[in-house]
Amino acid sequence: MLVAAIMDVVTSNCDSLEKVCFKPALPGNAETRDIADVIEVIEEGGMHFGEPQRDEDDDEGGRGMRGIGIKILEGTTVLGLSRTSRLMKLGDTDDVGVESDRPTPKTLALLSKHDSSSSQANLSSAVVPGLWDDLHCQHVAVPFAAWALANWAMASGANRSHIQELDQDGHAVMTALMAPERSVKWHGSLVARLLLEDRDLPLNDSVSDWSSSLLSTVSQASKNDDIPLARVALSAFLVSIERSPRAQEVVMDKGLQLMRDAAKRTTKHKEVQETLAKVLDMISTGDMRLSLEESQKWSGILLPWVFGKSSSDNTRSSAIKILSCILEEYGPSSIPISQGWLAVMLNEILGSSKTASAKRGSQPKNDKVKTQIDQSNIIFATQTANQLSSAVVNLARKQLVTTTDADETFPLLDLLSLEPFTGPLKNLKKDTASKFDATDSALATLKGIKALTEVCSEDSICQKKLSNFGILCLLRRFLLHDDYEKLAAMEAYDASRAVEAQKRTSDDPDESSDSDGNNPSSVRVPPTSHIRKHAARLLTVLSLLPEIQKAVMADEILCKWLEDCANGKIQGCNDLKTQSYARATLLNVSCNQQARRDSLDSDDGVHDSGIAYRNRSCPRYDDMIFLINPELPHWKCPDDKHRDNVQRSKSSVGKTDFNSPSTPETEASNVGDSCSSIDESQNSSQSVVPLVDIVFIHGLRGGPYKTWRISDDKYSTKSGLVEKIDQEAGKFGTFWPAEWLSADFPQARMFTLKYKSNLTQWSGASLPLQEVSTMLLEKLVAAGIGSRPVVFVTHSMGGLVVKQMLHKAKTENIDNFVKNTVGLVFYSCPHFGSKLADMPWRMGLVLRPAPTIGELRSGSSRLVELNDYIRHLHKKGVLEVLSFCETKVTPIVEGYGGWAFRMEIVPIESAYPGFGDLVVLESTDHINSCKPVNRTDPSYTEILEFLRKLRAHYT
């Protein structure tokens, strides 16, 4: 019986509705005649034994009540009557290109000849989607036919082949998709999906029409909160988009609004959002692209897909891919989107950091300074997040001013309705946007990148969040393109056009028309190089994550850019830090990927813990270690042979040998990625492994480069300790380690380190000496420094940092680090304390000395203990020592009219540790003691001679 068959399929499969799938209750191999009859029922809206007899006495002209029927299952006959209502047209069908010139017959179905009250009672309890509702309301028989067709389609490929053959024009499926009954649309969607998924069947010419109708069903169902119907229609819609390029074109042309509406209405339904994201990915990241206006409209949906807590990995991945294509396609015009992406990301990271900080609660006493630094970073990031959100709003509103769109039709309206931007949008003054330019926007982006780096540089959980949020796509854009410079050029052009137009319309040709907003000469140059530098820094930090390494290696364009940047071949990428970051990223990516493969191939992989360097075969560089001359061929990932040599040298217990066998060092073996083929000319050439590492460490208020840059005037008082932070990139003085020492002592591989060191707490929090040393030791060991002979060249407090590192390495049993340290060079190191440290402690309430300053007070027992330890190593012949001493007072605070407060920071009795060689630098102050004027300056010739003696001694 038909009703019994329906009850069977319903009761046994009601739990499978979520997957839009039934276990067929009809025979697996249907007769072609039955399939043809069912298709006829769907197309004509009625059921026939044969041609209906026209009743001439019928007041309805033969269209009234008449007996029709068909054998559907096991000889069961269903009778029907004509129906009086037309097929329902879905609201937005015409808008997505659905057209049909076929007549839509009027029929009304009747119930089965076995129509008993008990049967209807059983049927009323069925859970077929909408089936009983349709029958109960109008007694329509078409839902039975649609149900039968769907079950047959699921049963076998032969049935699907017959359906395809009998419905070659796809009209029956299209009729079902456009039917007024919910169950017919539901089963029609299922039939469409099954036919499209069967790759053995030819593609129907009506697929694009199916797709349009399915999308209309999805939109209408989401509007009615009918999620099951939306799901089944969406599943078929997805397959139609996958298989039909024409369907993609139709949806791209006329269906994006319906998709957006459905996406907005189904934010709580993860599966629906994921399918919509996948469809948008397919139609907008291939041969076709979203228009700029559509990109702006979708940005308010794409960003919640990226950051939504309920978003699946597939949804997030699709959204990131689409956003990346938008940035690639529209460049400077897409800055509000890229900047909005960065702003939301910073807010998300801040929320996570604040939550984690609150959970940690009170910290132990020895972690208070670290906590203070973290809080300082969070405060800076919070301020930056507000500035960044305001920048997005200002730039977006400025674009609105230049268009004729009303606020309610503004394409970026959905983006500005997101949480980070609602406040700035509400408080925005009307005249603010016109004064906002590309440079303001670029500065906000620069601060945003810096804030993310500071907050996440030591937080692996935070770094993984950034990776999940698509930070690599943003960094790639910042590195490879100059969007802000192009935007500034566009603004300058618009300003010049405005001035010309104003001059033409002005009655007085002499009247000044220039203003701050329209004067082309007032356009400022955005800090693109700084954005690139800090983007490269963040990429270096993240390049230790396996997922980032995999993505970078797969990106041939990015790998090529990094290689060219490291080699100094890119115009506008001359900053030494940026070049170092590029090389470090490549080394992290290629070496660690290869090491990971090696560890998977072996059964005895050992994981390191703490700061000990336990059998790590590949260096790991972060943003605190800079590679000097990263274009040199020795900056390559060591091959297996060299790694074996490194392991043997680390396990040896004999005296360090400067004259270890030179091993050819090349790139890592081909690992099947894009990076492995970069710069083949360099990779094919062999280079000798450097015999020694030289590491430069700055002192108070110094930097990895500015400390070692030559001043224009060595005796000038202009380079005092009170200098602005992060301005060394703008100084063009000679960086003598790279330009002189590298050429005069080519046997060395050179590094320079960075750490935060402030004079007072007014300048920000900085770690005490022991914490700084511990942190740097961990990073040096992770980078493989200490696995071969190493010489440390230090200035001021940097010397104490190295001494503390060596002491820490001894207590941590990192014997190779101590054993391979063969030389120490001290420029004005306060071995026994500094007068500068004594002064603020007498004026502590005013100057608020940083913790590091307190540790430099004269007579500190800790300094004496460290010096005795180094004296012991020197006496044993483990290392050699060279010290330099200043002889001139140094300006501390400068005032008006050239007035300056000066003092002798490290007197000779503190600069000489009591062992090793001492060089007294005449007429040289503390700042310039490590800045030789030329190659004949004693501050350079003596260190060069010191290194050559070390080489001769250990050869």
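A brief report on the enclosed structure follows. (Residues numbered from 1 in each chain as written. Predicted model: local features only at pLDDT ≥ 70, side-chain atom pairs only at ≥ 80, totals over all residues. Heavy atoms only, no water.)

## Some points on the side chain of Asp-693
This is how it is decided: A run of DSSP states H or I qualifies as a helix once it reaches four residues; a run of E qualifies as a strand once it reaches two. Both are numbered from the N-terminal end. Each residue's exposure class comes from its accessible area (1.4 Å probe, protein chains only) as a fraction of the maximum for that residue type: buried when under 20%, exposed when over 50%, partly exposed otherwise. Pairing of N or O atoms within 3.5 Å defines a polar contact, subject to two protein rules: one partner must be a possible hydrogen donor and the other a possible acceptor, and residues neighboring in sequence count only if both atoms are side-chain atoms. Here a residue-residue contact requires only that any non-hydrogen atoms of the pair lie within 4.5 Å.
Structurally, Asp-693 is set in strand β7 (residues 692–697). Accessibility expressed as a relative area gives 0% for Asp-693, which makes it buried. Of note is the side chain of Asp-693, whose polar atom sits 2.9 Å from the side chain of Arg-749. Not counting chain neighbours up to four residues away, the residues in contact with Asp-693 comprise Arg-749, Phe-751, Ile-785, Arg-788, Pro-789, Val-790 and Val-791.

## Observations concerning the packing of helix α13 (residues 270–284) against helix α14 (residues 292–307)
Formally: To define axes, lines are fitted to C-alpha atoms, for helices over the stretch in contact only, and angles between the resulting N-to-C directions are given on a 0 to 180 degree scale. Each angle receives one of four descriptions, namely roughly parallel if under 35 degrees, roughly antiparallel if over 145, roughly perpendicular if within 65 to 115, and oblique otherwise. Note on convention: the crossing is left-handed when the near helix lies turned anticlockwise from the far helix by less than a right angle, right-handed when the turn is clockwise.
Contact geometry of α13 with α14 gives a least axis separation of 12 Å together with a crossing angle of 125°. The orientation of α13 with respect to α14, classified from their angle, is oblique. Of the two elements, α13 crosses α14, and the hand of that crossing is left-handed. Mapping the contact onto sequence places Gln-273, Leu-276, Ala-277 and Leu-280 in α13 and Trp-298, Leu-302 and Trp-305 in α14.

## Here we look at the nonpolar core
Soluble globular proteins tend to pack their nonpolar side chains together in the buried interior. The condition that has to hold: Grouping buried Ala, Val, Leu, Ile, Met, Phe, Trp, Tyr and Cys residues that are joined through side-chain atoms within 4.5 Å yields what is termed a nonpolar core. Residue ranges for the domains trace back to a domain assignment, done automatically or taken from a database.
Grouped together as the largest cluster of nonpolar side chains are 182 residues, with contacts concentrated most on Met-259, Leu-280, Trp-305, Trp-341, Trp-736 and Leu-741. For this core, the element with the highest residue contribution is helix α10 (residues 227–243), accounting for eleven residues. Domain assignment of the residues forming this core places at least three in each of domain 1 (289–356 + 369–427 + 434–496 + 525–596) and domain 2 (692–954). Setting aside its immediate chain neighbours within four residues, Trp-341 contacts Leu-303, Val-306, Phe-307, Ile-320, Leu-323, Ser-324, Leu-327, Phe-469, Gly-470, Cys-473 and Leu-474. Cys-591, Ala-783, Met-797 and Phe-826 belong to the second largest nonpolar core, which has 47 residues in total.

## Here we look at the pairing of strand β9 (residues 790–795)
Residues in a regular strand point their side chains to alternate faces of the sheet. This is how the line gets drawn: Should DSSP find at least two bridges between two strands, the strands are taken to pair.
Most of β9 sits inside the fold, with six of its six residues counted as buried. Sheet analysis places β7 next to β9, joined by five bridges and oriented parallel. Among the inter-strand pairings, Phe-696 is bridged to a residue of β9, identified as Val-793. Sheet topology places β9 next to strand β10 (residues 821–827); six bridges connect them, and they run parallel. When the sheet's bridge partners are listed, Val-793 is paired in β10 with Val-825.

## Things to note about unusual backbone geometry
Look at Asp-225: it is not a glycine, yet its phi comes out positive at around 60°. Here Ser-828, not a glycine, exhibits a phi torsion of approximately 50°, which is positive. Mapping Ser-828 onto the fold places it in the loop between β10 and α35 (835–842).

## Looking at helix α31 (residues 736–744)
Taken as a whole, α31 has its buried residues at Trp-736, Pro-737, Ala-738, Trp-740, Leu-741 and Ser-742. Against β7, β8 (748–753), β10 and α40 (938–953) lie the buried residues of α31.

## Things to note about the pattern of salt bridges
Stated formally: By definition, a salt bridge exists where a carboxyl oxygen of Asp or Glu is found within 4 Å of a side-chain nitrogen of Lys or Arg.
One pass over the structure, following the stated rule, counts 31 salt bridges. Its salt-bridge partner being Glu-293, residue Lys-297 comes within 3.3 Å of it at the nearest N-O pair. You can see Lys-297 and its partner Glu-293 sitting in helix α14, four residues apart, about one turn around the helix. Residue Arg-583 pairs with Glu-563 through a salt bridge whose shortest N-O separation is 3.1 Å.

## Brief notes about α10
Note the cut-off: What a helix is expected to span follows from its residue count: subtract one and scale by 1.5 Å.
Here α10 is 17 residues long and its end C-alpha atoms lie 24 Å apart, about the 24 Å a rise of 1.5 Å per residue gives. Of all 17 residues in α10, 15 are buried; the element is thus mostly enclosed.

## A few points about the sheet that holds strand β4 (residues 625–627)
The seven strands lie next to each other as β4-β8-β7-β9-β10-β11-β14, forming an open sheet whose pairing is mixed. Strands with a single pairing partner mark the edges of an open sheet, and in this sheet they are β4 and β14 (917–920). If you compare each strand with its neighbour and ignore which way they point, the axes differ by 20° on average. Lying over the sheet, α31 contacts β7, β8 and β10, oriented at roughly 155° with respect to β7. The sheet strands contacting α40 are β7, β9, β10, β11 (880–885) and β14, and the helix crosses β11 at an angle near 175°.

## Some thoughts on the state of the cysteines
Counted only if it meets this: Two cysteine sulfurs form what is called a disulfide whenever their separation falls within 2.5 Å.
Per the stated rule, a full pass over the model turns up two disulfides. Here Cys-456 engages in a disulfide with Cys-462; their sulfurs sit 1.7 Å apart. Note on Cys-462: relative accessible area 3%, which makes it buried. Paired by a disulfide, Cys-565 and Cys-573 hold their sulfur atoms 2.5 Å apart. The thiol of Cys-618 is unpaired, and the distance to the nearest cysteine sulfur, on Cys-591, comes to 3.8 Å.

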